[in-house]
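Listed here are the chains, written in short residue letters.
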Amino acid sequence: MTTLQTVVAVTGVAGLATGLGALPVFFRARVTHRVYDAALGLAAGLMVAASVFGLIIPGMEEGTLAAVMTGLLLGGVGLLAGNYAIPHLHAQYREWLPEGGATGDDAAAMETAGEEERADRELSEFAGPVETADAAASADADADAAEREVTLRKALLIGGAITLHNAPEGLAIGVAFASGLEEVALVLAVVIGLQNVPDGFAFAVPMADTGMSNLRVLWYTTLSGLIPQVVASVFGFLLVALAAGLFPVSSGFAAGAMLAVVFRELIPSSHGHGHADAATGAFLVGFVLLVVVDAVVVV
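Residues numbered from 1 in each chain as written. Predicted model: local features only at pLDDT ≥ 70, side-chain atom pairs only at ≥ 80, totals over all residues. Heavy atoms only, no water.

**Student:** Whenever I open this one, the overall build of the chain confuses me. Can you help?
**Tutor:** Broken down by element type, the chain carries 10 helices and 2 strands. Across the 299 residues that make up the chain, the buried fraction comes to 45%. The long-range fraction of contacts in the chain, counting pairs at least 24 apart against all pairs at least 6 apart in sequence, stands at 82%. Roughly 14,700 Å² of accessible area belongs to the chain as shown, and the carbon and sulfur atoms make up 68% of that amount. (Helix = DSSP H or I, 4+ residues; strand = E, 2+ residues; numbered from the N terminus. Buried < 20%, exposed > 50% of the residue type's maximum accessible area, 1.4 Å probe, protein only. Contact = heavy atoms within 4.5 Å. Areas by Shrake-Rupley, 256 points an atom, 1.4 Å probe, with all protein chains shown as cover.)

**Student:** What is the right way to read a nonpolar patch on the surface from this model?
**Tutor:** On the surface, Leu 20, Leu 23, Phe 26, Phe 27 and Leu 215 cluster together into a nonpolar patch covering about 540 Å² of accessible area. Within the secondary structure, Phe 27 is located in the loop between helix H1 (4–16) and helix H2 (33–62). Residue class for Phe 27 comes out exposed when judged on its relative accessible area of 70%. (Patch = residues over 30% accessible without salt bridge, like charges linked within 9 Å, V, L, I, M, F, W, Y side chains within 5 Å. Salt bridge = Lys/Arg side-chain N within 4 Å of Asp/Glu carboxyl O.)

**Student:** So what exactly am I meant to see when it comes to the nonpolar core here?
**Tutor:** Soluble, globular proteins show a tendency: their nonpolar side chains are buried together. In terms of nonpolar packing, the biggest core is built from 50 residues, with Leu 55, Phe 177, Leu 188, Phe 247 and Leu 266 touching the most fellow members. Those elements giving two or more residues to this core turn out to be H1, H2, helix H3 (65–85), helix H6 (133–178), helix H7 (182–208), helix H8 (214–239) and helix H9 (247–270). The greatest single-element share of this core, amounting to 12 residues, is contributed by H2. Judged by nonpolar contacts, the second largest core, of 6 residues, contains Ala 22, Val 25, Met 207 and Val 217. (Core = buried A, V, L, I, M, F, W, Y, C linked by side-chain atoms within 4.5 Å.)

**Student:** Please explain the packing of aromatic side chains as it appears in this structure.
**Tutor:** Given two aromatic rings, one states the distance between the centres and the angle between the planes to describe the pair. Evaluated as defined, the whole model comprises 2 aromatic pairs. Ring geometry for Tyr 36 against Phe 201: centres 6.3 Å apart, planes inclined by 40 degrees, an arrangement best described as tilted. Residue Tyr 36 is located in helix H2, and its partner Phe 201 is located in helix H7; the two are separated by 165 residues in the primary sequence. Note on accessibility: Tyr 36 and Phe 201 belong to one class, buried. For the pair Phe 53 and Phe 287, a centre-to-centre distance of 6.1 Å together with 70 degrees between the ring planes defines the contact as edge-to-face. (Phe/Tyr/Trp six-rings, centres within 6.5 Å; stacked < 30°, edge-to-face > 60°.)

**Student:** Please clarify how the confidence of the model for the chain should be interpreted in this entry.
**Tutor:** For any part of a model where pLDDT is low, the fine detail of the predicted coordinates should not be relied upon. Mean pLDDT over the chain: 76, with 70% of residues reaching 70 or higher. At the level of individual helices and strands, the chain shows its lowest average pLDDT in helix H5 (residues 115–127), which scores 41, and its highest in H1, which scores 93. In this model residues 112–131 is a low-confidence stretch, pLDDT under 50, and it forms 6 contacts with partners more than four residues away in sequence or in other chains. (pLDDT = per-residue confidence, 0-100.)

**Student:** Hey, could you run me through the packing of H2 against H3 in this one?
**Tutor:** A pair of packed helices is captured by two measures, namely the crossing angle of their axes and the spacing between those axes. At their nearest, the axes of H2 and H3 sit 8 Å apart, and the two run at 145 degrees to each other. For the pair formed by H2 and H3, the contact residues are Ile 56, Gly 59 and Met 60 on the first element and Leu 65, Val 68, Met 69 and Leu 72 on the second. (Axes fitted to C-alpha atoms, helices over the stretch in contact; angles between N-to-C directions.)

**Student:** Help me out: how do you make sense of the packing of H2 against H7 in this one?
**Tutor:** Two elements in contact, H2 and H7, have axes whose closest approach is 9 Å; the angle formed by their N-to-C orientations is 160 degrees. When the interaxial angle is binned, H2 and H7 end up roughly antiparallel. H2 and H7 meet at a crossing whose hand is left-handed. Contact with H2, carried on its side by Val 35, Tyr 36, Ala 39, Leu 40, Leu 42, Ala 43, Leu 46, Met 47, Ala 50, Gly 54, Leu 55 and Pro 58, involves Val 184, Leu 188, Val 191, Leu 194, Gln 195, Pro 198, Asp 199, Phe 201, Ala 202, Val 205 and Pro 206 of H7 and no other residues of that element. Among the residues making up the contact of H2 with H7, the classes are represented as 20 nonpolar, 2 polar and 1 charged. (Parallel < 35°, antiparallel > 145°, perpendicular 65-115°, else oblique. Left-handed = near helix turned anticlockwise from the far one by under 90°. Nonpolar A, V, L, I, M, F, W, Y, C, P; charged D, E, K, R; others polar.)

**Student:** What am I meant to see in the side chain of His 275 here?
**Tutor:** Turning to its location among the elements, His 275 is positioned in the loop between H9 and helix H10 (276–298). Apart from the residues within four sequence positions on either side, His 275 is in contact with His 33, Arg 34, Asp 37 and Ser 270.

This is the structure we're talking about:
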C-alpha cells in the first residue's frame, strides 16, 4: 500500500523538474521572443498529450466516460472561473498580464528600472537636501514597510496563477495513488514532470527580467512547481479516504484545467508575434515526445 511519504516524494520529484526550466537564465542574459514562444508551444504540446494519454484515457479505463467528461468540464470551467475570481499575474515574455482583479499597477511593479533611471535615482540621493538622522531613519522605515507590502502582493499574485495551473495535476497524482493505481500515478508523475520543464522556463524568463538574481529565479521557479503540486497531491491522497472511486473525476478535472490553460493562455501567448511557425513546430515536438515517453514508461 502506498504511503503518504511516497506520494510526497514522487510528486516532489515531478515538481522539482520545474526548476530545470530556469537553468537557461544562467547562460543567456536575454532570451529571444522566438525561443520563448517556442517554449510555450512545447509546453502546450506536452500538456495536451498529458491530458489525453496521462489523464483522460487512464480515467476512462478505471471509470466511466460520463465521470471523466464531467470532471473535464468541471476542471475547465473551474480554471476559467478562477482566472476571474482570483487576482493574479500571468508571466509573459518580458511582461506580466494582470487578471482576476489584479491591476496594471501590479504588473508595472514587476518591472525594473533601466540603467539610466537607476543612475538618476542614485544622483538624486546625493543632490537632495540633507536630512536629520531621525527623519532619514523614519523615511527608511516607511520605505522598507512599503517595499515589503509590494513584495508580499507580488508573491500572492504570482502564487495565485501558479496554483491555478499546477494544483489540478498534483491532485490527480494523489488520487491515483490513493485509489491503488500506482502505475498510473507514476506515469502521471513522469509526464507532468516533463511538461513542468517548459512551464518553468516560461515562468523564469519574465522573473529574470525583474532584475532578480539568477539563484533566486531558480529558487522561486522550483518552488512554483513543487509546493502547489505536493500540497494538492497530499489533499487528493487524503480525500480518497473519505470518498473512494474519485480517480476518473479527478483525472478529468486535471485534464480540463490543463486544456483550458493551453487554449486560453499558452497558444494565444505564443502566437501573434511573428513566431507562430516556431511555436506550432514546438507544439508538435512536445506532443510526440510525451506520447513516446508515455508508451515507453507504460511498457
